[in-house]
Structures are given as structure tokens and as C-alpha cells.
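Fold and geometry: a report
Next come the chains, spelled out residue by residue.
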Amino acid sequence: MQQPTRRTLASVVVLTSVVGGLAALAAPTASVAASVAASDVDPTHRATTSGKVYVVDPAPEGIAPPAAAPETRTALRRSFTLHSKPGSQRTIFLDFDGAGVSGTAWNAETGLPAGNHPAWDPAGDGATFSSSELATVQDIWARVAEDYAPFDVDVTTADPGAAAITREGAGDQVFGTRALITPSDAAIAAICGGGCGGVAFIDVFDEPDAHSQFQPAWIFPQALSDDPKAIAEAVAHEVGHNFGLDHDGQGGAEYYEGHGAWAPIMGASYGRPITQWSKGDYTSATRSGQDDVAIIAANGAPHRADEDGGTRGTASSALPTSAPAYVSKRSDVDYFALGTCSGAVTLTGTVAAVSPDLDLQVQLVDDVGAILATANPSSAAVDLDVASGLGATLTQGVASGIYFAEVDGVGNGSPSSGYDDYGSLGAYRLAVTGCGGAPEPEPVAPGVPGSPAATRDVSAQTITLTWTAPTTGGPISGYEVRLDAGAWSPASGSLTHTFGAVSSAAHTLEVRATSTVGAGPVASLSVPAVVTTPGAPVIGQASSGARGGAVTAVVRWQPPTGTGGSAVDGYQIVAHKLNSAGAVVRTLTSQVVGAGFRSGSLGLPAGRYRFAVRAHNAVGFGALSARSNAVTAR
């Protein structure tokens, strides 16, 4: 039975140290400076003392609350471990379970008090995410993941930790943004006075200086009727601002609501089922030439690598039936080798199950490149959230021979009447019947994660495990970790996990990749025990030396209770000479005696003394024992 997930304050957005305050932040770039100037006339822009601009996007009108929970996409227990591209160095974190925000530009510029902002709770039923709420989290993630599918960025519901979000200088290549989905009355009131659906800073995704100042991007679900499509559109839009995108409007309108079945993501895309990135080619576009895809790719999320060949000579023999393939660029055409086919051949191309951006065309091609059949049905709006005609299926009779499938993203009409192939990008799957060539490979589990490494924080009692993605095996849906052969649990980040409350003893850390097929082989790492200096010995009774002969005193002790993880190899005696008032006037130290000694006779100048002992191991000297009783050397 699925275990309920509790809403907790899972994350904190905080700037711990900014020298000189906001005024000390880097000067705006040319693109930001242009936006600052535009803020004088753009009612949605707000200039700040940092030189950065944030955008206040009003909430749409007329959105009805969802009538029913969305379809579950995967096991409900995985709702907060979803990843669209695990292993990417760039992250878009969809934060549903609340966060603390302090020390940021939001606090400094809008008067937002430092504090915690609540988890999303559309049912209003308290701390536990219900099954329907978890299904809605999955639905929103799937929609946003499709919008950003063309790019090398991991859209995730798992908190990746601050290091995966915050950029610490131009050399730091692991960074991202947090989209905080919260019904925070305090934030919506302070930032926009109520009535906004989302707010975000422009052009900060790859900001190398004071990156955490401009986190998070805010999405206010209560202003969006808690509707999953509306929330997902707002998330994609606000994160688009983080990448440097401005609004797609038309004529005198700041936001273009689209036409037919289509709308631009950076417009007001709440009421159209096909929403895509745009470059302002439609009639009377206010930002003609704003190349959304190129800007995102240049500002921190490069294009996803093309996983399949683009010619018959480079065609892949593995069809994307269980795991998706992607059209990541307008120019991306994928070829698949079908082997020997005869009779009726059927190609079935399917797009993302919810909010697909990709309009798919499939073609059957022979071994000399002749196109034998094409499937490219016209798309149309079924309702505000569903469009038909985006997938494609063809059946063609062929003589026995070698054949190929060609897959491409296409449009429907012109940018003014429909849409072209510019934003027709996203995930797809392809199945074939009637071909007896190379059999479709059986799904396999992922390979072993690589390069496991550990960083230990002794004071915090944590160990952070990192690794790299497997280079062999099947597709990956996530990672699981465990400590000292305990229970497996989902990793907290895409390629990292922090174990808490760990002792100073030696530990074994393990990680494995998971998929719908199952878990792959385990990568393990042994972390040695923490070695420190030994504890303080237990001081015993001191006594004066024997009468006659040299002036001496005898010191006694017992070993320390803790060796610090390294065997004690000796002891040193410290003699404190006292004056008549009992104050220390001189300190003398002995040579180190062997580890087997439990007493020592010291030759000393005449006088009264108290003694302490310290143990030594491979690390060094430990703490001094308590001081002994006072004795007179004789």
C-alpha cells in the first residue's frame, strides 16, 4: 500500500552572506539593462536596486477548479522522486512541499518578511499528500518536463539540495532554479499585492554572482484555481523568465492568448491545448525575433544531445518503444532501421501522454531513400487541454526488403493561422509491426553508477555520496541508496545523496540506478572511521619521591576511554610548579613514555607540583587529563 507523503518544510532559500547588500551586486548585463529601461513602460516589470528586473504575471480569469484528479503516471510513492533527465548538471526543481525564504532580493526589494511558506494543499486536508494530490503533482511535473524536454536540464520533484541550484561563480557548472509552488498569502501580498499567478526574475538561471539572491520563481496555485494545467503553464512561463525570456504579446496586448489550438508558453497559454516555445512569427507579435529555444539553450540549458541518427547510414536499430526518444531541435530528424519488412508494415508514433509540445510526422522509407508512405494528421483542439492529431500512424504494404522509419516534428499551417515546426519539440515513442529485421531488444536494467565518492562532515554528522550516471544498461528513472546494508531509499538528488546522523565509525555506502525493469547493479564505497586525537587519560594519585637521592615525584594515570580511532602510542607528563598561594609559576613537560606505562617518576627542581597527563596517537596529542593532587618533590 502506498505510504502517505507528509508535507514538511523541505527546503530553504537563503543567502547567507552578501557583502555590501544588494547595492554590491554585479552591474546588469546589456539584456537586463534593456529590460530595466523597458520597465518604465511595461506594467509587469519591476526594476530593483540590484539592476535585475522581476516580472509580475497576473492571474488568468475564468479558470475552473479541476473536476477530478489526473491520471496517475507512475507509482504514487515516486511522486517526489521524479526526474526528466537524471544526471544533467542543470536542474529545474518543482518544489511543492514548502520552503523558507530569507536574505534574498525578494525580501529586500518587496518587504517580504523572512520566513516559511506553506506546502501546496489543494484539498485543504492538512500535512499528508493524498493520492489525488500526488497524482496531480505527477501531472504537473509531466507537463513541465515536456516543455523542457528539448534541453539538457532535469525537471525534478526531488529536492536536489542547494548545491544543485545555487551557482557559486562562473566556474560552477552545476546549477538551476527552484519553482516554488506555494499558496503563500504572505508572499502573494508582499510581492504583487494579490492577484498574480506567478513572479520571477528575468535572466538569472545562469547568473554567476549572487545567484541565490534571485531564487525562487514563485507560482501561486490558489490564484490558478489549483488547476494542474494552469499551474504547469505558469511554472514553464516563470522559469522561462529565469532563462531570460520576456512576454509574447500581440498588438497592444502584453500577453497573447493564441489562436486555434495553439498558444505561446510566454504568452497566456492557459486556454489552448497546444502550447510551445515561439520566436514571434505570428501576426502582430510584440517580440518578433525573440528566439525562445535559442535563448534557453544559451542561458544555461543547452540542447539535449541527439540520441538517434539523422540519416539512413546512421539510423538506430533500437526503436524507442519503452523509453522515449526526443526531437530537440527544429532541424532534428531521427531515422530508425527496421530491418527486413514485407507485407503490411505499420508505424505508430505516440507523443507525450499529457500536454505534448511535439506534433509528430512519421514516414516509411526504402533502402534508397524513397518515401513510401507519410502520416501527418492535422491537429485540432478537442478541448482546452487536449488536442487530436499530434501522434501519427501509417500502414503500408511493401515487398520484402530493407526499410527505415523517419520521424520529424512538424507544424500545422502557418504561424499566423496555426503553428510551424519551430516549437514542435518533445518526447515520442515509436512501434512497428510487419518487420522481421533485428528484433527489438528486451528491456534491461540500468548499468552500475560510476565514480562513487564521499564527503564527510564530522561536525554535522553527515556523509554526502556522489556518483555519475551509468554508461551501460537501460534507461534510468532514478537512484536508490543505502547505508551499511540497511533499507534502500530514493536518493535525495539526481546524482547525490546526504546521509544524516552518521557516527564516526567506518561505513559502507551503496547506490544503484532504477528503472521500470528493476534495479541495476550496486556501486559501493567504504568510508573509513574518523580518526582523531585520543581522549584525556584518567589521572591517578601523585606522591613525593623517596627520601634521599635525586628530587623526584611519582605520577600515576589510567588510559583514556577513547583512543580516537588510532591506538595510543605514548604518554607525556606535564608538571605545574606552584607558589605558596597554589598558583602555577612554571610548567615542565616530560619526554614521551611508552604506551604501556601507567606511572612515571620525574626528576624535578625542588618545590610543590600538580601533574597532568596527555595521550598520543598517530594524529597527535589529545587533551590533558585533570590535574593531580599537589605534592612536594623530594
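Note that the coordinates shown come from a computational prediction; the quantities given were computed from them, not determined experimentally.

Procedures and definitions
- Residues numbered from 1 in each chain as written.
- Predicted model: local features only at pLDDT ≥ 70, side-chain atom pairs only at ≥ 80, totals over all residues.
- Heavy atoms only, no water.
- Domains from an automatic or database assignment.
- Contact = heavy atoms within 4.5 Å.
- Buried area = accessible area lost by both parts, 1.4 Å probe.
- Salt bridge = Lys/Arg side-chain N within 4 Å of Asp/Glu carboxyl O.
- Helix = DSSP H or I, 4+ residues; strand = E, 2+ residues; numbered from the N terminus.
- Buried < 20%, exposed > 50% of the residue type's maximum accessible area, 1.4 Å probe, protein only.
- Lys, Arg positive; Asp, Glu negative; His and termini not counted.
- Pairing = 2+ DSSP bridges.
- Axes fitted to C-alpha atoms, helices over the stretch in contact; angles between N-to-C directions.
- UniProt positions renumbered as here; feature names shortened; annotations may be inferred.
- Phe/Tyr/Trp six-rings, centres within 6.5 Å; stacked < 30°, edge-to-face > 60°.
- Lys NZ or Arg CZ within 6 Å of the ring centre and 35° of its normal.
- 1 Å grid on protein atoms, 1.4 Å probe; cavity = no way out; pocket = protein on both sides within 12 Å on 5 of 7 lines; lining within 4 Å.
- Points joined across faces, edges and corners; volume = space filled by probe spheres on them.
- Nonpolar A, V, L, I, M, F, W, Y, C, P; charged D, E, K, R; others polar.
- Disulfide = S-S within 2.5 Å.
- Expected span 1.5 Å × (residues − 1).

Our next topic: the domain arrangement of the protein. Taken domain by domain, the protein holds domain 1 (76-244), domain 2 (325-436), domain 3 (450-527) and domain 4 (538-633). Here the C-alpha centre of domain 3 lies 25 Å away from the C-alpha centre of domain 1. Across the contact, 10 residues belong to domain 1 and 10 residues belong to domain 3. Taking both sides of the interface into account, the surface hidden between domain 1 and domain 3 amounts to around 770 Å²; carbon and sulfur atoms contribute 53%. Three residues stand out in domain 1 for area buried against domain 3, namely His83, Pro86 and Gly87, and they jointly supply 46% of the buried area on that side. Here domain 1 is connected to domain 3 by zero salt bridges.

When you line up the elements, Asp357 lands in the loop between β16 (333-351) and β17 (360-366). Buried within the structure, Asp357 lacks any salt-bridge partner; Lys229 is the closest side chain of opposite charge, at an N-O distance of 8.7 Å. Excluding its chain neighbours within four sequence positions, the residues that come into contact with Asp357 are Glu146, Asp147, Ile265, Thr275, Gln276, Gly423, Ser424 and Leu425.

Next up on the list: the sheet that holds strand β15 (residues 325-327). Spatially, six strands are ordered β15-β22-β16-β21-β17-β18 in an open sheet, and the strand pairing comes out antiparallel. The open sheet has two free edges, formed respectively by β15 and β18 (371-375), since each of these has just one partner strand. For this sheet the average axis-to-axis angle between neighbouring strands, irrespective of direction, equals 20°. Strand direction decides the pairing type here: β17 and β18, joined by four bridges, are antiparallel.

This paragraph deals with the pairing of strand β35 (residues 599-603). Here β35 shows a buried face lined by Gly600 and Leu602 and an unburied face lined by Ser599, Ser601 and Gly603. Bridge count for strand β32 (residues 552-558) against β35 is five bridges, and the pairing is antiparallel. Across the sheet, Ala553 pairs through a bridge with Leu602, a residue of β35.

Moving on: the UniProt feature "domain: Fibronectin type-III" (unreviewed entry) in the protein. Here the UniProt feature "domain: Fibronectin type-III" (unreviewed entry) sits at residues 448-536 and 538-634. For the annotated span residues 448-536, helix accounts for 0% and strand for 45% of the residues, and the straight-line distance between the end C-alpha atoms is 45 Å. Overall, residues 538-634 shows 0% helix and 45% strand. The separation of its end C-alpha atoms is 24 Å.

The subject of this paragraph is the packing of aromatic side chains. Throughout the structure, instances matching the rule amount to 18 aromatic pairs. An aromatic cluster of three or more residues is present, and its members are Tyr54, Trp106, Phe201, Phe214, Trp218 and Phe220. In this arrangement the basic side chain of Arg512 is found over the ring face of Trp488, its NZ or CZ atom lying 4.0 Å from the centre. Sitting above the plane of the Phe621 ring, Arg614 keeps its charged end 4.1 Å from the centroid.

A word on the pattern of salt bridges. Here the idea is simple: oppositely charged side chains can pair when their charged atoms come close. Counted according to the given criterion, the structure contains 15 salt bridges. A salt bridge links Lys52 to Glu207, with the shortest nitrogen-to-oxygen separation between them at 2.9 Å. Within this pair, whereas Lys52 is found in the loop between β3 (45-47) and β4 (53-58), its partner Glu207 is found in the loop between β11 (196-201) and β12 (217-219), the two being separated by 155 residues in sequence. One exposure class covers both Lys52 and Glu207, and it is buried.

Another point: the layout of surface pockets. A volume near 710 Å³ is recorded for the second largest pocket. Lining of the second largest pocket is provided by 33 residues; of these, Ile63, Asp227, Lys229, Tyr270 and Gly271 occupy positions nearest its centre. Only β4, α3 (131-147) and α6 (228-242) provide two or more residues apiece to the lining of the second largest pocket. Sort the elements by how many residues they give to the lining of the second largest pocket and α6 lands first, with four residues. Of the residues that constitute the lining of the second largest pocket, the class distribution is 17 nonpolar, four polar and 12 charged. Counting the residues that make up the lining of the second largest pocket, at least three belong to each of domain 1 (76-244) and domain 2 (325-436).

This part takes up the state of the cysteines. The tally for this structure, following the rule as stated, stands at two disulfides. There is a disulfide in this structure between Cys192 and Cys196, and the S-S distance comes to 2.0 Å. Between Cys192 and Cys196 the disulfide shows an S-S torsion of about -70°. By sign, it is left-handed. Note on cysteine connectivity: Cys341 is disulfide-linked to Cys435, with sulfurs 2.0 Å apart. Judged by the sign of its S-S torsion, about 100°, the bond between Cys341 and Cys435 is right-handed. Of this pair, Cys341 sits in strand β16 while Cys435 sits in strand β22 (residues 426-435); the two residues are 94 residues apart in sequence, bridging distant segments of the chain.

Moving on, we get to α3. Given a rise of 1.5 Å per residue, 17 residues ought to cover 24 Å, and the 25 Å separating the end C-alpha atoms of α3 matches this to within 8%. Within α3, 15 of the 17 residues are buried, which leaves the element mostly enclosed by the surrounding structure.

Leave glycine aside and you will find that most residues have negative phi; peptide bonds, for their part, are mostly trans. With an omega dihedral of -5°, the bond running from Gln215 to Pro216 counts as a cis peptide bond. Tracing the backbone shows Pro216 in the loop between β11 and β12. A positive phi angle, close to 60°, is found at Ser225, a residue other than glycine. Its relative accessible area of 22% is what places Ser225 among the partly exposed residues. Positive phi, close to 60°, is recorded for Ser284, a residue that is not glycine. Note that Ser284 resides in the loop between β14 (274-276) and α7 (292-298).

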